[in-house]
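These are the residues of each chain, in order.
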Amino acid sequence: MLRLLGQVQCHVYRLPATRPALALRRASASLSAPTTEHPKPLQLRPYQKACVQACLGALKGQETTRIGVSMPTGSGKTVVFIALIAALPPPPQNPAATRALIIVNSIELARQVAGRVKSQLPHLSVEIEQGKHEATGEADVTVALYRSLRDEKMAKFDTNKLKCVIVDEAHHAVAPSYLKILSRLNAGIRHPDQPPPKLSHPIPIIGFSATFSRHDGLALGSVFQDLVFHIDFLAMVKGGWLCDVRYTEAKTELNLDRVAINPKLRDFDSKSLAHAINNKRVNKLVVQSWLDKCSSRRSTLVFCVNVTHLKDLTDAFQQADVDARCAHSKTPYAERKELVDAFKAGEFPVLLNVAIFTEGTDIPNIDCVVIVRPTQSKNLFSQMIGRGMRLSPQTGKDDCHIMDFVDNTHRISGIISIPTLVGVDPNSSRSLQDREDPLLVVPYDNEGGSDPPPVAYVDYKLSDLVREAQSIKRFSRFAWVDCGNDIYVLECSDKGYIKIEPVTNDDAGELVYRSSYVEALRENPSDKLSFEKPREVMTARSLNEVARNSDNYAVTRVFSGKPGADANYFSRTAKWRQNPASDSQKDVISKKGYIPMLDLSVDIESMTKGQAADIFTRSNNRLRVRKLKPAYIRSIALSQHQAWHARKPPWKAHN
């Protein structure tokens, strides 16, 4: 089983994003001999520094030698493992072990990584092992395509001289071809056809991936012992390291209910899916949808199901006078490179592909991704949208527009979309269905019978989806009021209030949630309320955990045994909250100017008592709400059992 180590917190401030040239110096296996040029310190982002330190710390004692790093597309995984190679010392028992082997899964990646290593570490010799590129095995750093590392090729690498092995796109590491390679480099990895290797020292295996899991269910724990660092794409967007996202769901008739499932991949069978997706009506719909919503975008990447679908959809774009071009796995490398270079230069607006740009693709100018390949794989969907989330200020890119096509006639369970990726089901979420801004619904003019089926466009902002995914309403039945900046208040009438707010934990220097109870005091009914000093309820990384335990505290400590303190009264669905607001409430709210002051969109005439109470809560806490500097990002996608817990108080909820 793959263990998950403690969550790593990442300091947030923006640095200029510089990208070294990736051009190779020559087409031979050896890029160049080492130079006497003194290496410049690598400019790492804060979370990249934290990742390097996490890896070095995990490997320090040599008890753990197989570790994983989970970072999203566009986070600079290559920069991180190059910095790690530079920082990782030889093992103490073998100072001669100074070489590194980097295993990649595509020709493009091999050349990109080798060029990046040479650019950032010019004092090291770099070679490529791939096809006609024959490495000697004696370079400081060898970048090898996994298919090239057959038995006779592996023999050239002296394990006594290796200090580490880097596996890029490490979710492939449990495939038999990878296991056969890695089992020769680390005794902890087994392959049925090979005996354990005899090594002079443990060789660390360090895997990097944007999706550190496999949809087919194969356990990565057979290769990696610990996941030592994780940061997800939401944290990267929040920190300004990935671009923001606009998402459009195109709801139409796809008829996916009869599409077969590949039991091995646990996803739609590509042939069966293409049969449902690839027809003139749907292809015309895709083109029209792109024209309606995305035609102003500079660089659109389209994902198709198979090669036939790719060619037919490309033809549909071209028939609409859109300069669209395509590539697939059989496209010759030189032709593919020329196509990508032209796309990067903005020479044409639409590039279609089948699965070849899901990994190892560095095209920052992509500002639109169109997914015409429904999937039940979270990994695959994350890889597809990740192609468009790199920053590209030089091309004027502000955000990335993701367009996805959803079957409106049959709700097939398990299909991944942006909402489900962040933990929201838009079909069952009232807050998304009943937003203040109405959904944009544009029925397509379907005159002519054989024209595309009707389509309804639903636009989301990533911030709306994240807010819904992280909403305290998902964790609590009580009427917590969102006061902004991740601060939530539960008014307990004349008993006081409970407040949840993010604070910096001085011991670990990380951002956590703290819940405090402020008790109200009043000796006589006519006296104004006064308040005791805040009493801490608990502190934890997870809003879910703090909210649940705060609810439990309210029920057992605040409401319990106190006259008139019925917990149901404070429920979000309490009947009194649905009653019309009183004239006195409306009068105060209007005279005080609370609605514009708090930037609310509420119709005062139809306001309910619950809405009025929430406005008073926001107003009462407005002066106490301080804007926190986003000093740290926490990774919100780690498993619940990783959360750091304060000393358990007696009211701590149990699962």
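Before reading on, note that the structure itself is shown above.
The residue count restarts for each chain, going from 1 along the sequence in the order it is written. Selection of residues for local features in this predicted model requires a pLDDT of at least 70, selection of side-chain atom pairs for listing and counting requires 80 or more, and totals for whole chains, interfaces and linings are taken over all residues. In computing side-chain properties, one takes all heavy atoms of the structure into account and sets aside hydrogens as well as water.

(A) Region of the structure containing helix H16 (residues 583–592). Partly exposed describes any residue whose relative accessible area lies between the buried limit of under 20% and the exposed limit of over 50%, with all areas from a 1.4 Å probe on protein chains only and scaled to the type maximum. Put simply, DSSP H or I for four residues or longer makes a helix, DSSP E for two residues or longer makes a strand, and each gets a number counted from the N terminus. If you check which residues of H16 are buried, you get Gln585, Lys586 and Ile589. The arc that holds every buried residue of H16, seen down its axis, measures 95 degrees, which confines them to one face. Exposed residues lying more than 90 degrees from the buried face of H16 are Asp583, Ser584, Lys591 and Lys592. Positive phi appears at Gly593, one or two residues downstream of H16, with a value of about 70 degrees. Of all possible arcs, the one meant is that of the directions from the helix axis to the C-beta atoms.

(B) Main features of the pairing of strand S10 (residues 226–230). Among the five residues in S10, five count as buried, and that is most of the element. In this structure, strand S4 (residues 66–70) lies alongside S10, joined through four bridges in parallel fashion. Bridge pairing links Gly68 to Leu227 in S10. By the convention used here, strands pair only if DSSP detects at least 2 bridges between them.

(C) Looking closely at helix H9 (residues 307–319). Over its 13 residues, H9 runs 18 Å from end to end, which matches the ideal 18 Å to within 8%, given 1.5 Å per residue. Taken together, the buried positions of H9 are His309, Leu310, Leu313, Thr314, Ala316 and Phe317. Along the long axis of H9, the arc covered by the buried residues comes to 155 degrees, so they all point the same way. In this analysis, two residues are considered to be in contact whenever any of their non-hydrogen atoms come within 4.5 Å of each other. As for H9, its buried residues are in contact with helix H7 (270–277), helix H8 (280–293), strand S14 (300–303), strand S15 (324–327) and strand S16 (350–353). In the segment just after H9, Asp321 is the residue with positive phi, at about 65 degrees. The length a helix should cover is 1.5 Å for every residue beyond the first.

(D) Expanded view of the sheet that holds S16. Within the open sheet, the seven strands sit side by side as S15-S16-S14-S17-S18-S11-S19. Their pairing is mixed. Here the strands that pair on one side only, and so sit at the sheet edges, are S15 and strand S19 (456–461). On average, adjacent strands in this sheet sit at an angle of 20 degrees to one another, irrespective of strand direction. The sheet contacts of H8 involve strand S11 (244–252), S14, S16, strand S17 (368–371), strand S18 (399–407) and S19, and relative to S18 the element is tilted by about 145 degrees. Lines are fitted to the C-alpha atoms to define the axes, a helix being fitted only along its stretch in contact, and any angle between axes, read from their N-to-C directions, falls within 0 to 180 degrees. Those strands touched by helix H11 (residues 378–386) are S14, S17 and S18, and its axis lies near 145 degrees from that of S17.

(E) Layout of the packing of H8 against H9. For the pair H8 and H9, interaxial distance at closest approach is 9 Å and the crossing angle is 50 degrees. With respect to H9, the element H8 is oriented oblique. The interaxial crossing formed by H8 with H9 has right-handed handedness. Taking contact as the criterion, the partners of Asn283, Val286, Val287 and Trp290 in H8 are, on H9, His309, Asp312, Leu313, Ala316 and Phe317. Side-chain classes follow a simple rule in which Ala, Val, Leu, Ile, Met, Phe, Trp, Tyr, Cys and Pro form the nonpolar group, Asp, Glu, Lys and Arg form the charged group, and the remainder, Gly included, forms the polar group. Residues belonging to the contact of H8 with H9 are distributed by class as follows: six nonpolar, two polar and one charged. Reported orientations rely on four angle classes, namely roughly parallel under 35 degrees, roughly antiparallel over 145, roughly perpendicular from 65 to 115, and oblique for the rest. When the near helix sits turned anticlockwise from the far one by under a right angle, the crossing is termed left-handed; a clockwise turn instead gives a right-handed crossing.

(F) Region of interest: the packing of aromatic side chains. Each pair of aromatic rings taken from Phe, Tyr and Trp, with Trp reduced to its six-membered ring, is defined by centres within 6.5 Å and is described as stacked if the planes are under 30 degrees apart, edge-to-face if over 60, and tilted in the remaining cases. All told, the structure shown has 12 aromatic pairs when counted by the stated rule. Aromatic pair Phe81 and Phe208: ring centres 5.4 Å apart, planes at 65 degrees, arrangement edge-to-face. Of this pair, Phe81 sits in helix H2 (residues 77–87) while Phe208 sits in strand S9 (residues 205–209), and the two are 127 residues apart along the sequence. Plain terms: the ring middles of Tyr146 and Tyr178 are 4.7 Å apart, the flat faces sit at 20 degrees to each other, and that makes the pair stacked. Taken together, the residues span a long stretch of sequence, with Tyr146 in the loop between strand S7 (141–145) and helix H4 (151–154) and Tyr178 in helix H5 (residues 176–182) at a distance of 32 residues. Exposure class is identical for Tyr146 and Tyr178. Each is buried. Each member of the aromatic cluster is reached from another via a ring pair, and the members are Phe478, Phe559, Tyr569, Phe570 and Trp576.

(G) Layout of unusual backbone geometry. Even without glycine at this site, Glu169 takes up a positive phi of about 50 degrees. Residue position: Glu169 is located in the loop between strand S8 (162–168) and H5. Positive phi, close to 55 degrees, is recorded for Asn255, a residue that is not glycine. Counting through the fold element by element, Asn255 comes out in the loop between S11 and strand S12 (261–262). Of the residues examined, Asn255 reaches a relative accessible area of 42% and is grouped as partly exposed.

(H) Looking closely at the side chain of Arg577. Along the chain, Arg577 turns up in the loop between helix H15 (543–559) and H16. With a relative accessible area of 10%, Arg577 lands in the buried category. If near-sequence neighbours (up to four positions away) are discounted, Arg577 is found in contact with Ala479, Ser571, Arg572, Thr608, Lys609, Gly610 and Asp614.

(I) Broad picture of the pairing of strand S6 (residues 126–129). Of the two faces of S6, the one carrying Val126 and Ile128 and the one carrying Glu127 and Glu129 are both buried. Summarising the sheet, S6 and S7 pair through four bridges and their orientation is parallel. Bridged to Val126 within S7 is Val141.

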